[in-house]
Amino acid sequence: MGVATDVITRQWVATNIWEDAKEVASQVATRIRNGEVVINPIPPQDGVDMIQVVAPGGRILATSNAARDLPALSPVWPGPYDRIRELISCPLPDGRCVHVTAVRATPAPNSPVVYAGKQTPLIVRSRILATVIAVQLVLFIVFIGWVAWRIAGRALRPVEDIRAELAELTENDLSRRVPEPESEDEIARLARTANRALDRMEQAVVKQRQFAADASHELRTPIAGIRAQLESGRLHPDDMADAIEAALRDTDRLEAIVTDLLFLARIGAIQTTTREAVDLANLVASHVAVRPARVVAKLNLEPGVRVEAVVSQLARAINELLSNADRHAATEVSVDVRRVGDQAELTVWNDGEPISAADQVRIFERFTRLDTARSRDKGGTGLGLAISREVVEAHGGTLNVESEPTGVRFVIRLPFPGARRAR
């Protein structure tokens, strides 16, 4: 901007001088063409004080007072077809320059040339203009920098507030939230995203603490039973066989709980590269055929419904649903596999007691038992449905329960490999 201002200013000043000089030189040339006598000395006009009429060979025919003691203002001699020339010449004794316009009076070979001009202004021939522009630009840049600093500081102040709030956040108090600006800019969206992340973190920590408490309670029961049986056996050696048998049952339950907890910890940790294509119908049929059951399941399996899965995990999820259905069924269990759109659907139905709407979400929580009167050894570890849902969700699917007047239906929906990539 500074260079452009300097160039434009210099060009504007030079153009104005040349235009004025051209007007004056053209008037003198017109008098010569008309045969009029040119007054000597030539009076200045429109601020143009240096005027000369020069004959071929450099002889000065007439001049203004300002150019009286000077040689011809320029050695440039316009031709008959290029009668007007604009130039800068430096004929002054101290090397100063003049902006000159040369006008040839006539196309004749012996035509004189009229030179008109004035000394180049100080603002153009010195560095004053560049210095003034440079100073202005420095001041302008400083001002813009100060304004940008203030604006940036004001814009980033919410970021500092967010940073300060996050710095105060600890695992003991996850209820704090970062301030959300009222604007709709990127910082406001960042704050809202951070608060949603904190909400999820708080929920995860609450669930983790609740899980730790529930797991401790569940583990304490068989441990306490083992201890009680061993102490009873020590006090009553004759009952040692019964005490050992009871302690072994509690040990089996303790082992089952620990095994399920370890399985839950590994869900989702296996890389997707370990997944393989599996036919759901074959997988269900093979496991129904070998597992002991109180109620024989009826199968309605559509062949060719294939998904990508970690076979051991998906088989565990299906077995948990089959065990749950067998445990709660009155007289009937059915398993359906079919393709619905771009999803594979596996349904396990039993004709047991319906589940209330309030409990349809709670049953998938860890260590949840709806039948509080059911004994722990017959009711399982309380982790089966939680394992099933986490396995299905780790495979990009969903597991829901649909309670009906005549029973309960668990529905697994898994995306086909092509549908998952398309999304």
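Enquirer: Would you explain the overall build of the protein in this entry?
Expert: Within the protein, the regular secondary structure consists of 11 helices and 12 strands. A globule of 423 residues ought to have a C-alpha radius of gyration of about 22 Å, yet the protein, at 50 Å, is considerably larger. Here the protein, with 423 residues, has 36% of them falling under the buried criterion. A separation of at least 24 residues holds for 58% of the contacts in the protein among residues at least 6 apart in sequence. When the 52 basic and 55 acidic side-chain charges of the protein are each reduced to a single mean position, those positions are 8 Å apart.

Enquirer: Help me out: how do you make sense of the pattern of salt bridges in this one?
Expert: Close approach of charged atoms allows side chains with opposite charge to pair. Counted according to the given criterion, the structure contains 13 salt bridges. Ionic pairing is found between Arg176 and Glu165, a salt bridge with its closest N-O pair at 2.8 Å. Of this pair, Arg176 sits in the loop between α3 (128–167) and α4 (186–235) while Glu165 sits in helix α3, placing them 11 residues apart in sequence. Here Glu231 ties to Arg227 by a salt bridge, and the two come within 3.2 Å at their closest N and O atoms. Of this pair, Glu231 and Arg227 both sit in helix α4, 4 residues apart, which is roughly one turn of the helix. Looking at Glu231, the relative accessible area reads 33%, which means it is partly exposed. Through salt bridges with shared partners, a single network forms among Arg338, Glu345, Glu402 and Arg413.

Enquirer: Got a minute to help me understand the side chain of Ser64 in this structure?
Expert: Looking at the element boundaries, Ser64 is found in the loop between β2 (60–63) and β3 (84–89). Ignoring any residue separated from it by four or fewer positions in sequence, one finds Ser64 in contact with Pro41, Ile42, Asp49, Met50 and Ile51.

Enquirer: I keep staring at the sheet that holds strand β4 (residues 98–104) and nothing clicks. Help me out?
Expert: In a beta sheet, neighbouring strands pair by backbone hydrogen bonds and run either parallel or antiparallel. Taken together, 5 strands build an open sheet; the order of strands is β2-β1-β5-β4-β3 and the sheet is antiparallel. The two strands at the open ends of the sheet, each matched to only one other strand, are β2 and β3. Between one strand and the next, the sheet's axes are offset by a mean angle of 20 degrees, whatever the strand orientation. Pairing geometry for strand β1 (residues 50–54) and strand β5 (residues 113–119), over 5 bridges, is antiparallel. Residue pairing for β5: Gln52 is matched across the bridge by Tyr115. Docked against the sheet, helix α1 (residues 2–33) engages β1, β3, β4 and β5, running at close to 35 degrees with respect to β4.

Enquirer: For this particular structure, what's the right way to read the state of the cysteines?
Expert: By definition, a disulfide links the sulfur atoms of two cysteine residues through a covalent bond. Tallied over the entire structure, the rule returns 1 disulfide. A sulfur-sulfur separation of 1.8 Å characterises the disulfide bridge that pairs Cys90 with Cys97. Its torsion about the S-S bond being 75 degrees, the disulfide of Cys90 and Cys97 is classed as right-handed. Residue classification places Cys90 among the partly exposed positions, given a relative accessible area of 44%.

Enquirer: Which parts of the structure should I look at to understand helix α5 (residues 240–266)?
Expert: Since one α-helical turn is 3.6 residues long, residues separated by three or four positions face the same way. Compared with an ideal rise of 1.5 Å per residue, which puts 27 residues at 39 Å, α5 spans 38 Å between its outermost C-alpha atoms and is within 8% of the ideal. For α5, every residue scored as buried is listed here: Ala243, Ala246, Ala247, Arg253, Ile257, Asp260, Leu261, Phe263 and Leu264.

Enquirer: Mind showing me how you'd approach the sheet that holds strand β7 (residues 297–301) here?
Expert: The 5 strands are arranged β7-β9-β10-β12-β11 in an open sheet whose pairing can be described as mixed. Looking at the sheet topology across the chains shown, the edges are occupied by β7 and β11 (398–404). Along the sheet, successive strands turn relative to each other by an average axial angle of 15 degrees, direction set aside. Its contacts with the sheet place helix α6 (residues 280–290) against β7, β9 (333–340) and β10 (343–350), and it is angled at close to 165 degrees to β7. Docked against the sheet, helix α7 (residues 311–328) engages β9, β10, β11 and β12 (407–415), running at close to 25 degrees with respect to β10.

Enquirer: Is there a simple way to think about the nonpolar core in this case?
Expert: Proteins that are soluble and globular tend to have nonpolar side chains buried together. Judged by nonpolar contacts, the single largest core of 35 residues is most densely connected at Leu280, Val307, Leu314, Leu346 and Phe410. For this core, the element with the most residues is α7, which contributes 6 residues. Setting aside residues up to four positions removed in sequence, Val307 forms contacts with Glu276, Ala277, Val278, Leu280, Leu314, Ala344, Leu414, Pro415, Phe416 and Pro417. Core analysis: the next-biggest nonpolar cluster, separate from the first, contains 14 residues, Val24, Val28, Val53 and Ala105 among them.

Enquirer: Please explain a negative patch on the surface as it appears in this structure.
Expert: A grouping of Asp238, Asp239, Asp242, Glu245, Asp252 and Glu255 is seen on the molecular surface, where their side chains present a negatively charged patch. Structurally, Glu245 is set in helix α5. Look at Glu245 and you get partly exposed, because its relative accessible area is 45%.

Enquirer: How should a nonpolar patch on the surface be read in this particular structure?
Expert: A grouping of Met1, Phe140, Ile141, Phe143, Ile144, Trp146 and Trp149 is seen on the molecular surface, where their side chains present a nonpolar patch of about 860 Å² in accessible area. Looking at the element boundaries, Ile144 is found in helix α3.

Enquirer: Explanation requested: the packing of aromatic side chains in the structure shown.
Expert: What describes a pair of aromatic rings is the distance from one ring centre to the other and the angle between the planes of the rings. Scanning the entire structure with this criterion turns up 2 aromatic pairs. Ring geometry for Phe364 against Phe410: centres 6.2 Å apart, planes inclined by 85 degrees, an arrangement best described as edge-to-face. In this pair, Phe364 is assigned in the loop between α8 (359–362) and α9 (376–379) and Phe410 in strand β12, connecting sequence segments 46 residues apart. Comparing Phe364 with Phe410, the two get one shared label, buried. For Arg389, the ring lying beneath its charged end belongs to Phe364, and the centroid distance is 3.9 Å.

Enquirer: Teacher, can you tell me more about the side chain of His395 here?
Expert: By secondary structure assignment, the location of His395 is in the loop between α10 (384–394) and β11. At a separation of 3.0 Å, a polar atom in the side chain of His395 contacts the main-chain amide nitrogen of Val310. One polar contact links the side chain of His395 to the main-chain carbonyl oxygen of Val391, over a distance of 2.8 Å.

Enquirer: Quick question: what am I supposed to make of the packing of α5 against α10 here?
Expert: Pairs of packed helices are described in terms of their axes, by the angle between the two and the distance that separates them. At a minimum axis separation of 10 Å, α5 and α10 run at an interaxial angle of 15 degrees. Compared by their axis directions, α5 and α10 come out roughly parallel. Here α5 and α10 pass one another in a crossing that is left-handed. From α5, Asp260, Phe263 and Leu264 reach across to α10, where they touch Ala386, Ile387, Glu390 and Val391. Classifying every residue of the contact of α5 with α10 gives 5 nonpolar, no polar and 2 charged.

Criteria and thresholds
Residues numbered from 1 in each chain as written. Predicted model: local features only at pLDDT ≥ 70, side-chain atom pairs only at ≥ 80, totals over all residues. Heavy atoms only, no water. Helix = DSSP H or I, 4+ residues; strand = E, 2+ residues; numbered from the N terminus. Rg over C-alpha atoms; globule rule 2.2 N^0.38 Å. Buried < 20%, exposed > 50% of the residue type's maximum accessible area, 1.4 Å probe, protein only. Contact = heavy atoms within 4.5 Å. Lys, Arg positive; Asp, Glu negative; His and termini not counted. Charge placed at Lys NZ, Arg CZ, Asp CG, Glu CD. Salt bridge = Lys/Arg side-chain N within 4 Å of Asp/Glu carboxyl O. Pairing = 2+ DSSP bridges. Axes fitted to C-alpha atoms, helices over the stretch in contact; angles between N-to-C directions. Disulfide = S-S within 2.5 Å. Expected span 1.5 Å × (residues − 1). Core = buried A, V, L, I, M, F, W, Y, C linked by side-chain atoms within 4.5 Å. Patch = residues over 30% accessible without salt bridge, like charges linked within 9 Å, V, L, I, M, F, W, Y side chains within 5 Å. Areas by Shrake-Rupley, 256 points an atom, 1.4 Å probe, with all protein chains shown as cover. Phe/Tyr/Trp six-rings, centres within 6.5 Å; stacked < 30°, edge-to-face > 60°. Lys NZ or Arg CZ within 6 Å of the ring centre and 35° of its normal. Polar contact = N/O pair within 3.5 Å; in protein donor to acceptor, adjacent residues only side chain to side chain. Parallel < 35°, antiparallel > 145°, perpendicular 65-115°, else oblique. Left-handed = near helix turned anticlockwise from the far one by under 90°. Nonpolar A, V, L, I, M, F, W, Y, C, P; charged D, E, K, R; others polar.

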